[in-house]
Amino acid sequence: MTKKQIDFVTCVIGALSLMTGKSCSFIYRKLSAAKLINDYLVAAYDVLHTFSLEYVAEDVIELMKKKGYELC
């Protein structure tokens, strides 16, 4: 994982934290459990980083729901 990818994942986690009112560590644990950090955020970084954080965060919330995980 590159520094840019780490920064991106950190920003997405922060945006999700603000949107849901949950702590960043809670968000990180949920994303890790759903395998979305490496399998989605890092794997699709080249495309995802061109979108707004709000869009990516909402997309992640939908993916989490599809996988049976709730952030809210």
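Here we look at the packing of aromatic side chains
For the coordinates displayed, the defined rule picks out two aromatic pairs. Each ring, one from Phe-8 and one from Tyr-45, has its centre 5.5 Å from the other, and the planes form 70 degrees; the classification is edge-to-face. Within this pair, whereas Phe-8 is found in helix α1 (residues 3-20), its partner Tyr-45 is found in helix α4 (residues 45-48), the two being separated by 37 residues in sequence. With a centroid separation of 4.8 Å and 40 degrees between ring planes, the pair formed by Phe-51 and Tyr-55 is classed as tilted. A relative accessible area of 42% means that Tyr-55 is categorised as partly exposed. The ring centre of Phe-26 lies 5.6 Å from the NZ or CZ of Lys-22, which sits over that ring.

Structural notes on the nonpolar core
Of all hydrophobic cores here, the largest spans 22 residues; its most connected members are Leu-16, Leu-31, Leu-41 and Val-60. Where this core is concerned, the elements lending two or more residues are α1, α2 (24-33), α3 (36-42), α4 and α5 (53-66). Ranked by residue count, the leading element in this core is α1, at six residues. Other than its neighbours up to four places away in sequence, Val-60 contacts Val-12, Leu-16, Leu-31, Leu-36, Tyr-40 and Leu-41.

Observations regarding the pattern of salt bridges
This structure, assessed with the given rule, holds two salt bridges. The residue Asp-7 makes a salt bridge to Lys-3 at a minimum N-O spacing of 3.0 Å. Residue Asp-7 and its partner Lys-3 are located together in helix α1, separated by four residues, close to a single helical turn. Lys-3 gets classed as exposed once you look at its relative accessible area, which sits at 60%. With a closest N to O distance of 3.8 Å, Lys-65 and Glu-62 form a salt bridge. Of this pair, Lys-65 and Glu-62 both sit in helix α5, three residues apart, roughly one helical turn. Overall, Lys-65 belongs to the partly exposed group, its relative accessible area being 43%.

Reading the values: the criteria
- Counting restarts for each chain: residues are numbered from 1 in the order of the written sequence.
- In keeping with the model being predicted, local features are shown solely for residues with a pLDDT of at least 70 and side-chain atom pairs are shown and tallied solely at 80 or more, while totals for entire chains, interfaces and linings include all residues.
- Remark: hydrogens and water are excluded; side-chain values derive from all non-hydrogen atoms of the structure.
- Geometry of aromatic contacts follows a simple scheme: Phe, Tyr and Trp rings, the Trp one being its six-membered ring, pair when their centres are within 6.5 Å, and the pair is stacked under 30 degrees between planes, edge-to-face over 60, tilted otherwise.
- Runs of H or I in DSSP of at least four residues are treated as helices and runs of E of at least two as strands, each being numbered from the N terminus.
- For every residue, the accessible area (1.4 Å probe, protein chains only) is compared with the maximum for its type, and the residue is labelled buried under 20%, exposed over 50%, or partly exposed between those bounds.
- Remark: a charge is flagged as sitting over a ring if the NZ atom of Lys or the CZ atom of Arg is within 6 Å of the ring centre and within 35 degrees of the ring normal.
- Residues enter a nonpolar core if they are buried and are Ala, Val, Leu, Ile, Met, Phe, Trp, Tyr or Cys, with the set joined through side-chain atoms within 4.5 Å.
- Any two residues whose heavy atoms approach within 4.5 Å are treated as being in contact.
- In what follows, salt bridge is the name for a side-chain nitrogen of Lys or Arg lying within 4 Å of a carboxyl oxygen of Asp or Glu.

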